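# Inside the fold
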Number of protein chains: 2
Amino acid sequence: MPYNDTFLRACRRDPVPYTPVWLMRQAGRYMPEYRAIRARLGFLELCHDPAAAAEVTVTAAERLEVDAAILFADILLVLEPLGLGLQFTPADGPVLTRPVRTPDDVSRLPDFDPAALSFVYDAVRLARRALHIPLIGFAGAPFTLASYAIEGGGSRTYIHTKNLMHRYPEAWHALMEKLVNAVAAYLREQIAAGAQAVQVFDSWVGCLTPWDYRRFVLPHMRDLFAALPEGVPAIHFGTGTSGLLESMRAAGGSVIGVDWRIDLAVAWQRIGYDRAIQGNLDPVVLLADRDSIRDHVHEILRQAAGRHGHIFNLGHGILPVTPVDHVRYLVDLVHNVSAANARRVR
Amino acid sequence: MPYNDTFLRACRRDPVPYTPVWLMRQAGRYMPEYRAIRARLGFLELCHDPAAAAEVTVTAAERLEVDAAILFADILLVLEPLGLGLQFTPADGPVLTRPVRTPDDVSRLPDFDPAALSFVYDAVRLARRALHIPLIGFAGAPFTLASYAIEGGGSRTYIHTKNLMHRYPEAWHALMEKLVNAVAAYLREQIAAGAQAVQVFDSWVGCLTPWDYRRFVLPHMRDLFAALPEGVPAIHFGTGTSGLLESMRAAGGSVIGVDWRIDLAVAWQRIGYDRAIQGNLDPVVLLADRDSIRDHVHEILRQAAGRHGHIFNLGHGILPVTPVDHVRYLVDLVHNVSAANARRVR
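Residues numbered from 1 in each chain as written. Chains lettered and ligands numbered in written order. Predicted model: local features only at pLDDT ≥ 70, side-chain atom pairs only at ≥ 80, totals over all residues. Heavy atoms only, no water.

## Topic: the relation of the copies chain A and chain B
Note on the identical chains: chain A maps onto chain B by a rotation of 180 degrees and an axial translation of 0.0 Å, with an RMSD of 0.0 Å. Expressed as a symmetry operation, the mapping of one chain copy onto the other fits a two-fold axis. No C-alpha of chain A lies nearer the rotation axis than that of Ser242(A), which sits 2.8 Å from it. (Least-squares fit on C-alpha atoms with pLDDT ≥ 70 in both.)

This is the structure in structure tokens:
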């Protein structure tokens, strides 16, 4: 089986014969193979089991015929060695039973030991060996990790997070520095184990004012990207970031991932054409009919046309109720339509 | 007591001596006077009682010394006569027990009779009589109303709403037309009763792709704004709309309301300086300390400086846990800082 490096070439904005595609949460509950494994393993158990995590990673990528695999793991695993009591509810929602709420809580955090997550690097090695496409490693971004660590789980308002940020800026910056060091070390180990690209998920950073982003997040994100090895594509992803794109670009990442709340063409113009872009189908469109999927794919590819460096993806993870055959249909469609477009340009 | 029309003049982008301010949900659970009334009246009961709704409206505006009052009501009241079973949970969350899910459900909707909401117009008349500042009427925008009508309540993903939109576009457009007619008739009655401005809350429209907004929402919003009387300021508000501002401007509204996820200066530039702008403090900042509130107010006023037509507001409603004295502090600060800025410019 020939090796398919279309994804890596698109990350570097090299010419490619078609637009590569992978999907956030492509290994997930919508897929029967995944549910079968989860029938015998809890969510964290699966993350902790390198053979099972690698199997889930590879099965999903092969089943969908996507152009990149993403390691099966969770953005919050990097918090586990910090002793915050990471657990997952039956619906896979994260809970941290010992949240960080005060400056004292921040100063009591232990140093991060990347060796505590060796099961992740083992999973990377196993998956990499079985794949004929690139493998993406990943972690939560410091802000998004901090939001979970402080709230103790998901949130709609981020009251405790913003409160710590606004009332105790020194503690906030200390926490972010700690998380930058942890995430950088963790991603470097994933790369050393064989991950050929990494994605930094700043999933919830879109809850911030751009002014707060520039003061409380951007400098730390810059440190994080500077601490990653050169030459390995880094995807900088967030949702609801239409007001932050220029700042995210300034923070770093060779690829910027955007959600569906902005036109891809507008996003790319704001980010700058010297970066690759990843996105941006609304995951809910995959629940509609094939006509709607086709219309949206054509529109996104039209908006990206004529430039190198587009990686097709959803704007966020696949929803659990998504039909698998719609995902398969999407992948084929992106390949076929973009290949036809590319032939027309040549 | 002299009449204060600073708010209306700012809506028209006329020069004003200071930046007017009012706050979404300024009459709400954070305020002890409101909780006292709610101890004897349920949420819908309060909406249905013109004297009590007017009292809540006026008390909040007087207590805060803001420059405009907004009628105490709910964005979903306009759905009540459509027979969807509107109720509110103990936490004031809306539930519609008979949601609209299919094209048949849409075609079975009754015609809207604005007389069914006469208690709202009565409340407008009572509040207007007691106020020395302008009174704002309001309604949910057709998309946001449709999202509640279809989901049967709030949502994180809007799966059913987007599904109807994508799979049954004819039914979608029929539903939007019906809602445009209802909202237009309802707002015209509020204006006839004495509301001097109206706000259209498209609170959740930011969940859409700009492409879907242009096809499925914009034409209807244009019809809605065209159906409102000229000369009455109409505020077009949404959250998470950083990717939609140009389209919202095209849809209409003499004032565009934005949330905190975009720099006010950037938003105004995209909207165009021939419209007034309303916003955009992050409501969570009101939970921090006075220093943080002051910093954010200075930053927002700095971004708006040198132009006519800024109305200060939050980016969304006041949170129930907000300290009242922080809200009072905010109002005074906006008045004082903007007055000093205005004197400096002259």
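## Regarding the interface of chain A and chain B
With 40 residues of chain A in contact, the opposing surface of chain B contributes 40 residues. Taken together, the two surfaces of chain A and chain B that pack against each other cover about 3,100 Å², and 55% of this comes from carbon and sulfur. Put simply, chain A and chain B have four salt bridges between them. With a closest N to O distance of 2.6 Å, Lys162(A) and Asp282(B) form a salt bridge. Looking at the side of chain A that touches chain B, the elements that each hand over two or more residues are α8 (159-167), α10 (210-216) and α14 (290-304) of chain A. Classifying every residue of the side of chain A that touches chain B gives 15 nonpolar, 11 polar and 14 charged. (Contact = heavy atoms within 4.5 Å. Buried area = accessible area lost by both parts, 1.4 Å probe. Salt bridge = Lys/Arg side-chain N within 4 Å of Asp/Glu carboxyl O. Helix = DSSP H or I, 4+ residues; strand = E, 2+ residues; numbered from the N terminus. Nonpolar A, V, L, I, M, F, W, Y, C, P; charged D, E, K, R; others polar.)

## Describing the sheet that holds strand β1 (residues 69-70) of chain B
All names here are of chain B. Strand order in the open sheet formed by seven strands is β1-β4-β5-β6-β7-β8-β9, with parallel pairing between adjacent strands. Of all the strands in the sheet, just β1 and β9 (310-314) have a single pairing partner and so form its edges. Where strand β5 (residues 197-202) meets strand β6 (residues 234-238), five bridges bridge the pair, whose relative direction is parallel. Pairing of Val198 across the sheet is with Ala234, part of β6. Relative to the sheet, helix α11 (residues 218-226) contacts β5 and β6, its axis offset from that of β5 by approximately 165 degrees. (Pairing = 2+ DSSP bridges. Axes fitted to C-alpha atoms, helices over the stretch in contact; angles between N-to-C directions.)

## A short note on the pattern of salt bridges
As enumerated under the stated definition, the model contains 34 salt bridges over all chains in all. A salt bridge links Arg328(A) to Glu65(A); the shortest N-O distance between them is 3.9 Å. Here Glu65(A) lies in the loop between α4 (50-64) and β1 (69-70) and Arg328(A) lies in helix α15 (residues 324-345), a separation of 263 residues in the sequence. Assessed through its relative accessible area of 21%, Arg328(A) is described here as partly exposed. Put simply, Asp263(A) and Arg214(B) hold a salt bridge, and the shortest N to O gap is 2.8 Å. Taken as a pair, Asp263(A) in the loop between β7 (255-257) and α13 (264-271) and Arg214(B) in helix α10 (residues 210-216) lie in two separate chains rather than in one. Judged by relative accessible area, Arg214(B) falls into the partly exposed class, the value being 33%. Overlapping salt bridges bring together Arg29(A), Arg38(A) and Asp92(A) as one network. (Buried < 20%, exposed > 50% of the residue type's maximum accessible area, 1.4 Å probe, protein only.)

## Points about helix α4 (residues 50-64) of chain B
All names here are of chain B. Counted at 1.5 Å a residue, the expected span for α4 with its 15 residues is 21 Å, and the 21 Å between its end C-alpha atoms agrees. Within the sequence span of α4, burial applies to Pro50, Ala52, Ala53, Ala54, Val56, Thr57, Val58, Ala60, Ala61 and Leu64. With a side-chain oxygen positioned 3.2 Å from the backbone nitrogen of Ala51, the residue opening α4 is Asp49. Among the residues trailing α4, Glu65 stands out with phi positive, at a value near 60 degrees. (Expected span 1.5 Å × (residues − 1). Polar contact = N/O pair within 3.5 Å; in protein donor to acceptor, adjacent residues only side chain to side chain.)

## A short note on the sheet that holds strand β9 (residues 310-314) of chain A
Residue and element names in this part refer to chain A. On the basis of which strands lie adjacent, the open sheet formed by seven strands has the order β1-β4-β5-β6-β7-β8-β9 and parallel pairing. Strands at the two margins of the open sheet, each flanked by one partner only, are β1 and β9. As defined by bridge partners, β7 adjoins strand β8 (residues 276-281) across three bridges and the pair is classed as parallel. Residue pairing for β8: Gly257 is matched across the bridge by Gln278.

## Quick word on the packing of aromatic side chains
One pass over the full model with this rule turns up 16 aromatic pairs over all chains. An angle of 70 degrees between the planes, with centres 5.3 Å apart, marks the rings of Phe138(A) and Phe201(A) as edge-to-face. One end of the pair, Phe138(A), is in strand β4 (residues 135-140); the other, Phe201(A), is in strand β5 (residues 197-202), with 63 residues separating them in the sequence. By relative accessible area, which is 9% here, Phe201(A) ends up buried. Aromatic side chains Phe143(B) and Trp172(B) sit 6.0 Å apart centroid to centroid with 55 degrees between the ring planes, which places their arrangement in the tilted category. Remark: Trp172(B) occurs in helix α9 (residues 169-193) and Phe143(B) occurs in helix α7 (residues 142-151); sequence separation between them is 29 residues. On the accessibility criterion, Phe143(B) (0% relative accessible area) is buried. Through a chain of ring-to-ring contacts, the aromatic side chains of Tyr34(A), Phe43(A), Phe72(A) and Phe88(A) assemble into a single cluster. Sitting above the plane of the Trp211(B) ring, Arg215(B) keeps its charged end 3.5 Å from the centroid. Above the ring of Tyr273(B), the side-chain terminus of Arg307(B) is found at 3.4 Å from the ring centroid. (Phe/Tyr/Trp six-rings, centres within 6.5 Å; stacked < 30°, edge-to-face > 60°. Lys NZ or Arg CZ within 6 Å of the ring centre and 35° of its normal.)

## Topic: the environment of Thr157(B)
As for its position among the elements, Thr157(B) is in the loop between α7 and α8 (159-167). Through-space distance from the C-alpha of Thr157(B) to that of Asp104(B) is 23 Å; in sequence the pair is 53 residues apart. When residues no more than four places from it in sequence are discounted, the contact partners of Thr157(B) are Val284(A), Leu319(A) and Lys162(B).

## Focus on the pairing of strand β6 (residues 234-238) of chain A
All names here are of chain A. Burial within β6 is extensive, with five of its five residues counted as buried. Residues Ala234, His236 and Gly238 point to one face of β6 and Ile235 and Phe237 to the other, with burial holding for every one of them. Examined bridge by bridge, β6 and β7 share three bridges and lie parallel to one another. Following the sheet pairing, Ile235 is matched in β7 by Val255. For the crossover that starts at β6, traverses helix α12 (residues 245-251) and ends in the parallel β7, the hand is right-handed. (Right-handed = clockwise from strand over helix to strand, strands pointing away.)

## What about α14(A)?
All names here are of chain A. Here α14 is 15 residues long and its end C-alpha atoms lie 21 Å apart, about the 21 Å a rise of 1.5 Å per residue gives. When α14 is considered as a whole, its buried residues turn out to be Ser292, Ile293, His296, Val297, Glu299, Ile300, Leu301, Gln303 and Ala304. Count one or two residues on from α14 and you reach Gly306, which has phi positive near 90 degrees.

## Some thoughts on the pairing of β8(A)
All names here are of chain A. Most of β8 is tucked away, with six of its six residues classed as buried. Each parallel crossover has a hand, and for β7 linked through α13 to β8 it is right-handed. As defined by bridge partners, β8 adjoins β9 across five bridges and the pair is classed as parallel. Counted as the bridge partner of Gly279 is Phe312 from β9. What joins β8 to β9 is α14, and the crossover it makes is right-handed.

## Quick look at the state of the cysteines
All chains considered together, the criterion is met by zero disulfides over all chains. Cysteine Cys207(A) shares no disulfide, and the gap to the nearest cysteine sulfur, in Cys207(B), comes to 18 Å. Residue classification places Cys207(A) among the buried residues on the basis of a relative accessible area of 7%. (Disulfide = S-S within 2.5 Å.)

## Describing the environment of Ala149(A)
Residue and element names in this part refer to chain A. Within the secondary structure, Ala149 is located in helix α7 (residues 142-151). Look at Ala149 and you get buried, because its relative accessible area is 3%. Separated by 50 residues in the primary sequence, Ala149 and Pro99 have C-alpha atoms spaced 5.3 Å apart. Beyond its immediate chain neighbours, meaning those up to four positions away, Ala149 contacts Leu79, Leu84, Leu96, Pro99 and Val100.

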